Number of protein chains: 2
Amino acid sequence: MINVDLSKLPEISPKDWQSELSAAHEALLGGTGKGSDFLGWLRLPEAYDRDEFARIQRAAEKIQSDSDVLLVIGIGGSYLGARAVIEFLQGTFYNLRRHKLPEVYFVGNNLSAAYMAQLSEIIGDRNFSINVISKSGTTTEPAVAFRVWKQKIEEKYGKAGAAERIYVTTDKARGALRGLCDKEGYESFVIPDSVGGRFSVLTAVGLLPIAAAGVDIAELMRGAADMMKLCLSPGQQNPAWQYAMGRNAMYRAGKRVEILACYDPDFVFMAEWFKQLYGESEGKEGKGLFPAAVSYTADLHSMGQYIQEGRRELLETVVLVEEPTASITIKQDAENVDGLNFLAGKTLPDIEYQAFCGTLLAHVDGGVPNMVVRMSKKDTHGVGQLIYFFEIACGLSGYLLGVNPFDQPGVEAYKTNMFALLGKPGFEAQGEALRARL
Amino acid sequence: MINVDLSKLPEISPKDWQSELSAAHEALLGGTGKGSDFLGWLRLPEAYDRDEFARIQRAAEKIQSDSDVLLVIGIGGSYLGARAVIEFLQGTFYNLRRHKLPEVYFVGNNLSAAYMAQLSEIIGDRNFSINVISKSGTTTEPAVAFRVWKQKIEEKYGKAGAAERIYVTTDKARGALRGLCDKEGYESFVIPDSVGGRFSVLTAVGLLPIAAAGVDIAELMRGAADMMKLCLSPGQQNPAWQYAMGRNAMYRAGKRVEILACYDPDFVFMAEWFKQLYGESEGKEGKGLFPAAVSYTADLHSMGQYIQEGRRELLETVVLVEEPTASITIKQDAENVDGLNFLAGKTLPDIEYQAFCGTLLAHVDGGVPNMVVRMSKKDTHGVGQLIYFFEIACGLSGYLLGVNPFDQPGVEAYKTNMFALLGKPGFEAQGEALRARL
């Protein structure tokens, strides 16, 4: 279960927020707010395509049976969610661990030739499959990567053999990849029109790589569905209401940066997913909390100083996993040279919990309001809950902020410039003007 | 070589900064500024202990010859620098690549029992060594990890065998680990009194793990020494002056967040190292730019929207590597379904460079001033230069900001609370008061 604790914020009167939250909730559920063409994620945990879901599960089993490596080609929302869930549930060292599951690498999210060369070396002569994820099929980074890896996989397995190892997740009807699927006979899955990239982790976009990495995606969906039932009910007991209210109250009070903190080192990419979800949904019209992330306790020894004593424009949200997944007990040591005997008999989770408590109070005392998002357990069901919680809270939060949380008009600016500079047909005039400024 | 380009900032008049920069420079070099007990890093690239350096190289060779894995136990400045250099030079996939160098894992920087369990599984029955890095020897996270792994290594190799595989980097005379070295005969290296953790990457703290991972540390020091010669000369041609001036000018103009961006996915931990260096040096007295990081082009599809159109309190600094380390040429494709044929004949580094140019102009046009730190080449020498550049610029920048860039008083707050909550002798009264607030 997900529980939001606002007791470490300056007092907020829920009454003052009731009408705004009700209006945001109604707009979201009724599809009457900004960006309502992109609400396909809202009821997805119940409304998903069961036949496609079963095909995803079968594809994942096939990949597990015939591949040592799955290469996932995608950028932004087409990779962050899958990477986040795999690392959070299967461990940040997933690709190094001793299991029979395929290693999963994400490519096509940068333009580094050295990165591709490293991956070629790692794959070596082992068996691999590709999942290419792109709505249009023409986004530069994944399209370039697919050109490169399609050639490699066809060289290795022949065109027909490769076609059985290429899985495409794309638009249901249009786009470069859809045409290719029809022609080459690739197994394909759908990115629904009404689900934007950053909300797509519970579609085929996230589910195929996540399933290939051994996660029970049916359980993930059940977790999301549980949270959906809870969060579709309006009211102050709704954790999404609480979180949306807490962060908007702090924004209006002058906070400018929200730091998402977690004590679990496997959470790092969940935080990256969160940063896209909130940054891209709210960072527009000159508004929005700047999303940042820290991994504790490591970053208490790097960013901790700034958080404790830097500019007082920070809000901190801690995701706390309540039930530990592993434990080690500190033993008594006869010599006690490290002075740790006062911890003897305590477990690492005990110590971690006290580090959390101590940090919470220290940061609050230092002028950094804290919210705590408690998840009772780090399991597949709980991760499904957490994902849906952050998604729906993001929709509400964006409406409270007064923006369209479902568009991303600013992402085009660099692309347009880049195309112009690269001489893409149709952009020639702009290219000259830009070059003159460099 | 390192070159700082301020042409994409609002105009700054160097004349206006001359006297402040001169004063900061003199205070730093003359040791007359705040925190001057901690300037050991300033002349380190020339003034280091040659005998110890040779011992570090020999220790690294021994580890390479007898270990499949090196476990580095340390937190904050005792791990970030080494991890940053290893991943930047040897690749983010270093531990997965096919080479004969020991894998290097960092532990003791969190309190996760699951993380330790993952590492145990990865090591399996292979040979390993330990480098424990801690000035006092009593910092909770590394001390706990060393208790755990010392027991494991002694179980595997016996006490005498383990003693030949434990390398200690600690205070020259005091502390828990120093006593243990004397007693057990561990090979040991010194954390100089005058070098704080975040400035310690070019001491044994960083150098032993870096050397074990196959990096030529003599070349790294030569790079740093080159940059030192350049940066110890006062004047506006000094790149450290330029960077310190640029960021302070933007801070005074109301910018609140500095985003460090790089197009090289191997740079991620260099950015983490940077965040500690600047955040911990400047985040005090309610001051300082909040340091954040992005990895491009990936994060143009996540944080890009916020950067382009969110609150206009951002400053962006791009580290640009000019000479590519690898290349792939885009080929003509007869069918051109992905529409990429306009890129045919271009290389990935070409495209990446135009993505950089296009993004630079888009962000500047969107109201985000940009600085560009150009490094001509990503090689060991260049990384040594970059490290020293960021260190000395940080000292100057902190003096311009008016803080002591070499202390970290805020890091104690959470520790004190944690100790109190854990019942550490001497902290009992505070513990009760804190528990009452939870």
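Higher on the page you've got the structure.
The notes below deal with the structure included here.

1. Let's talk about the packing of helix α4 (residues 80-90) of chain B against helix α14 (residues 380-401) of chain B
All names here are of chain B.
Here is step 1: Between α4 and α14, the least distance of the axes is 11 Å, while the angle of their chain directions is 145°. Judged by the twist between their axes, the crossing of α4 over α14 is right-handed. Between α4 and α14, the residues in contact are Val85, Phe88 and Leu89 and Thr380, Val383 and Ile387, respectively.
Here is step 2: Residue composition of the contact of α4 with α14, grouped by class: five nonpolar, one polar and no charged.

2. A look at the relation of the copies chain B and chain A
Here is step 1: When chain B is brought onto chain A, the operation consists of a screw motion whose angular component is 180° and whose axial shift is 0.0 Å, with 0.0 Å RMSD remaining. Both chain copies can therefore be described as sitting about a two-fold axis.
Here is step 2: The fraction of interface residues of chain B whose copies in chain A are also interface residues reaches 100%, indicating that both copies meet through the same surface.

3. As for the side chain of Asp66 of chain B
All names here are of chain B.
Here is step 1: For Asp66, the location among the structural elements is in helix α3 (residues 50-66).
Here is step 2: Separated by 2.9 Å, the side chains of Asp66 and Lys62 make a polar contact.
Here is step 3: The residues contacting Asp66, other than those within four sequence positions of it, are Asn127, Ser129 and Arg165.

4. Observations concerning the sheet that holds strand β1 (residues 2-5) of chain B
Neighbouring strands of a sheet are bound in pairs by backbone hydrogen bonds; such pairs are parallel or else antiparallel.
Residue and element names in this part refer to chain B.
Here is step 1: If you walk across this open sheet you meet the five strands as β1-β10-β9-β7-β8, and the pairing is mixed. Looking at the sheet topology across the chains shown, the edges are occupied by β1 and β8 (290-295). Strand-to-strand, the axes of this sheet are offset by a mean angle of 20°, without reference to chain direction.
Here is step 2: Note that β1 and strand β10 (residues 370-377) share four bridges and pair antiparallel. Across the sheet, the residue bridging to Asn3 is Arg374, located in β10.

5. So, the nonpolar core
Here is step 1: By size, the foremost hydrophobic cluster in this structure holds 135 residues, and its most contacted members are Trp149 of chain A together with Trp149 of chain B.
Here is step 2: Excluding residues that lie within four positions of it along the chain, Trp149 of chain A makes contacts with Leu71, Ile73, Val107, Met116, Leu119, Ser120, Ile123, Phe128 and Ile130 of chain A.
Here is step 3: Grouped together as the second largest cluster of nonpolar side chains are 100 residues, Leu9, Phe199 and Met270 of chain A together with Ala298 of chain B included.

6. Overview of the packing of aromatic side chains
Here is step 1: In the structure shown here, the tally under the stated rule is 52 aromatic pairs over all chains.
Here is step 2: Between Trp41 of chain A and Tyr388 of chain A, the aromatic rings sit 6.4 Å apart at their centres with planes inclined by 50°, giving tilted as the arrangement. Placement of Trp41 of chain A in the loop between α1 (14-30) and α2 (44-47) and of Tyr388 of chain A in helix α14 (residues 380-401) is noted, with a sequence separation of 347 residues between them. The pair formed by Trp41 of chain A and Tyr388 of chain A is uniform in burial state, with each residue classed as buried.
Here is step 3: Ring centres of Tyr48 of chain B and Phe53 of chain B lie 4.8 Å apart, and the angle between their planes is 45°; this geometry places the pair in the tilted category.

7. As for the sheet that holds strand β3 (residues 103-107) of chain A
Residue and element names in this part refer to chain A.
Here is step 1: Reading across from one edge, β3-β2-β4-β5-β6 is the order of the five strands in this open sheet, with parallel pairing throughout. The sheet terminates laterally at β3 and β6 (187-190), the two strands that pair on one side only. Taking the axes of each pair of neighbouring strands and ignoring which way they run, one obtains an average angle of 20° across the sheet.
Here is step 2: Strands β2 (69-73), β3 and β4 (128-133) of the sheet are contacted by helix α5 (residues 113-123), whose axis makes an angle of about 160° with β3.
Here is step 3: Packed on one face of the sheet, helix α6 (residues 140-163) meets β2, β3, β4 and β5 (166-170) and runs near 140° to β4.

8. Regarding the pattern of salt bridges
Here is step 1: The tally for this structure, following the rule as stated, stands at 66 salt bridges over all chains.
Here is step 2: Put simply, Arg97 of chain A and Glu121 of chain B hold a salt bridge, and the shortest N to O gap is 3.0 Å. You can see Arg97 of chain A sitting in the loop between α4 (80-90) and β3 and its partner Glu121 of chain B sitting in helix α5 (residues 113-123), one on each of two chains.
Here is step 3: For Arg97 of chain A, a relative accessible area of 26% puts it in the partly exposed group.

9. A short note on the environment of Val411 of chain B
Here is step 1: Secondary-structure assignment places Val411 of chain B in the loop between α14 and α15 (412-421).
Here is step 2: In this structure, the C-alpha to C-alpha distance between Val411 of chain B and Glu280 of chain B, residues 131 residues apart in sequence, is 8.9 Å.
Here is step 3: Apart from residues no more than four positions distant in its own chain, Val411 of chain B is found in contact with Leu300 and Gln305 of chain A together with Glu280 of chain B.

10. Digging into the packing of helix α9 (residues 217-231) of chain A against α14 of chain A
Residues and elements named next belong to chain A.
Here is step 1: As a packed pair, α9 and α14 sit with axes 7 Å apart at the nearest point and diverge in direction by 45°. Here α14 runs oblique to α9, going by the angle between their axes. Taken as a pair, α9 and α14 cross one another with a handedness that is right-handed. Each of Glu219, Leu220, Arg222, Gly223, Ala224, Asp226, Met227, Met228 and Cys231 in α9 lies in contact with α14, whose residues at this interface are Thr380, His381, Val383, Gly384, Gln385, Tyr388, Phe389 and Ile392.
Here is step 2: Its residues assigned to classes, the contact of α9 with α14 shows nine nonpolar, five polar and three charged.

Reading the values: rules and limits
Think of each chain on its own: its residues are numbered from 1, step by step along the sequence as written. Written order determines the labels here, with chains lettered from A and ligands numbered from 1. A pLDDT threshold of at least 70 governs which residues receive local features in this predicted model, and a stricter bar of 80 or more applies before side-chain atom pairs are shown or counted, although totals over entire chains, interfaces and linings include all residues. Only hydrogens and water are set aside when side-chain values are computed; all heavy atoms of the structure are taken into account. Only the stretch in contact is used when a helix axis is fitted, and all axes are lines through C-alpha atoms; the angle between N-to-C directions ranges over 0 to 180 degrees. Secondary structure is summarised from DSSP: a helix means a run of H or I of at least four residues, a strand means a run of E of at least two, and numbering begins at the N terminus for each. Definitions for this section: a left-handed crossing has its near helix turned counterclockwise from the far helix by less than a right angle. A right-handed crossing has that turn clockwise. Any two residues whose heavy atoms approach within 4.5 Å at even a single point are treated as in contact. Ten residue types, Ala, Val, Leu, Ile, Met, Phe, Trp, Tyr, Cys and Pro, are classed as nonpolar, four, Asp, Glu, Lys and Arg, as charged, and the remainder, Gly among them, as polar. Least squares is the method used to superpose the copies, on C-alpha atoms of residues holding a pLDDT of at least 70 in both. A 3.5 Å cut-off defines polar contacts: any pair of N or O atoms within that distance qualifies, except that in protein one atom must be a possible hydrogen donor and the other a possible acceptor, and neighbouring residues in sequence count only when both atoms are side-chain atoms. One requirement defines pairing of two strands: DSSP has to find at least two bridges between them. The set of buried Ala, Val, Leu, Ile, Met, Phe, Trp, Tyr and Cys residues whose side-chain atoms join them within 4.5 Å is what this entry labels a nonpolar core. A simple rule labels every residue: compare its accessible area, found with a 1.4 Å probe on the protein chains alone, to the largest value its type can have, and call it buried under 20%, exposed over 50%, or partly exposed in between. Stacked, edge-to-face and tilted are the three classes for Phe, Tyr and Trp ring pairs, Trp counted by its six-membered ring, which pair at centre distances within 6.5 Å; planes under 30 degrees apart are stacked, over 60 edge-to-face, the rest tilted. One speaks of a salt bridge when a side-chain nitrogen belonging to Lys or Arg is within 4 Å of a carboxyl oxygen belonging to Asp or Glu. Here roughly perpendicular refers to angles of 65 to 115 degrees, roughly parallel to angles under 35, roughly antiparallel to angles over 145, and oblique to all remaining angles.

Without other data, these values stay purely geometric and don't point to any function.
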